[in-house]
Amino acid sequence: MTFNTGRKMTALLGAALLLTACAGKEERAEGTQAASGNGWSAGLPVVKVGLIGPMTGPFAVAGISLENSLRVEIDRLNGEGGVGGAELELVVRDSGLDPAKAVQAANEFAGDDSIRLVVGPALSAFYNAAKGSFESSKKINCQPMVATGDFSTLKYGFRAQDPVSLDVAKMIEYVKGAGATSIGVIYEGDDAGKGTADEVKAQAEAAGLTWKGFEATRPDDQSHRAYVDKLKDAGAIWISNSASGAKTMAATGEAGYKGLIVGGSGARNISFVEAAGDAADGALFSATYYPYPSRDSRDTWKAGYRKHIDEIEKRFGKNVGPKTGAESPKAAEIAADCALAYVKAADQARSIDPDAVAAAIENLEISDQETPSGNSISPEKHEFFGMDDIHIYQWKKDDKGWATVEVTK
């Protein structure tokens, strides 16, 4: 009995010494975190960032671009100490452009306490179905591919994309100045399409343009020629931001359409040029900062954007259209802005508590020279970007190939 008691006492003393040693290691780790986290500790070794996007399917180029930009920015931020000394780690879920998969992934991330920031799900309809889960679970989320809807009513959701209201305002001003007197929309009949059509109609009529109508496309459409024929008299046709917009652009070439082809930032994707060929020459799109591909030297690019794109091309290369030779970066820089904004806000709040981080994001002021996208981040009503960040670009073809040219300064 005495022997067994002694063994127990020895074991207890050993355990106590082991706990003391572990506590010492944790304290030393805590000190390391604080030193590398601007003087504060997140209290965790890892802070996870969840990405939901179309990694497969017809819009996979968008999902892959989101992932590439997040990986590059997360690696950069980790090299500077992460967030409160914790390492950022990316977790990816593929929506495959399937709303059920997108909502399933959103619910998974919403219920996972290790996920502190969610980027996606891309596309307005998917986000509309997911945002309730994010709000109820107090999950900070940042949306670089959701153009429609109102973020001002949300507490934890922020938009890191040019909203359709600003894109339309900038484009309507340009279209009217170019002499067009009417406009119509060809877009999917989903939330994004309906929201875009409503916005274009309202702003066009307010500007004195004639509204020619909304043609709602279907996912199984092989051609958009019939839709273009119905709007052949419109001075401008607004096309979809997604893959179907490329079909519309191609159909305008087939129909010999002579008006303006206009759209949002999705039209910067070279798939539009690949589908339309020479019909894309002169197509216009509203977008945040995007000097690519251009004839200007990279030395003229904003510093953060140049650094981000250089690293993207070094690690992932660039997209090159096999038919046209048009180029685009394998990046979605505005997704990288989400990671930067989260870390900046957490540093200001000295916390990863969602209420504290959300409040800090609302008060961010980040220079356009620092952000990966080349846009300043000064959130108002949970919108990262304002009218000053919106530009009009035009696809142009010359003897050197394809380039984008800014037509409004």
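All figures in this text were calculated on a predicted structure; none of them were measured in a lab.

Novice: Looking at this model, I keep getting lost on the packing of helix H11 (residues 333-349) against helix H12 (residues 354-362). Mind explaining?
Specialist: Helix-helix packing: each pair is described by the crossing angle between the helix axes and the interaxial distance. Where H11 meets H12, the closest approach of the two axes is 8 Å, and the angle between their N-to-C directions is 110°. Relative to H12, H11 is oriented roughly perpendicular. Residues Ala341, Tyr342, Ala345, Ala346, Gln348 and Ala349 of H11 pack against Ala356, Val357, Ala360 and Ile361 of H12. Residues of the contact of H11 with H12, tallied by class, amount to 9 nonpolar, 1 polar and no charged.

Novice: So what exactly am I meant to see when it comes to the sheet that holds strand E13 (residues 391-398) here?
Specialist: By definition, the strands of a sheet pair up through backbone hydrogen bonds, in either a parallel or an antiparallel sense. In spatial order, the strands read E7-E6-E8-E9-E10-E13-E14; together these 7 strands make up an open sheet with mixed pairing. The sheet is open, and its two edges are formed by strand E7 (210-217) and strand E14 (401-406), each paired on a single side. The sheet shows a mean angle of 25° between the axes of neighbouring strands, taken without regard to direction. Relative to strand E8 (residues 236-239), strand E6 (residues 182-188) runs parallel, the two sharing 4 bridges. Looking at the pairing, Val185 lines up with Trp238 of E8. Lying on the sheet, helix H5 (residues 164-177) is in contact with E6, E8, strand E9 (260-263), strand E10 (284-287) and E13; it crosses E10 at an angle near 145°. Along the sheet face, helix H8 (residues 244-255) touches E6, E7, E8 and E9 and points at about 155° away from the line of E8.

Novice: Can you help me understand the confidence of the model for the protein chain in this one?
Specialist: Low pLDDT marks regions whose predicted coordinates should not be analysed in detail. On average, residues of the protein chain carry a pLDDT of 90, and 91% of them reach 70 or more. Throughout residues 1-36 the model reports pLDDT below 50, and contacts reaching past four residues in sequence, or to other chains, amount to 13 contacts.

Calculation criteria
- Residues numbered from 1 in each chain as written.
- Predicted model: local features only at pLDDT ≥ 70, side-chain atom pairs only at ≥ 80, totals over all residues.
- Heavy atoms only, no water.
- Axes fitted to C-alpha atoms, helices over the stretch in contact; angles between N-to-C directions.
- Helix = DSSP H or I, 4+ residues; strand = E, 2+ residues; numbered from the N terminus.
- Parallel < 35°, antiparallel > 145°, perpendicular 65-115°, else oblique.
- Contact = heavy atoms within 4.5 Å.
- Nonpolar A, V, L, I, M, F, W, Y, C, P; charged D, E, K, R; others polar.
- Pairing = 2+ DSSP bridges.
- pLDDT = per-residue confidence, 0-100.

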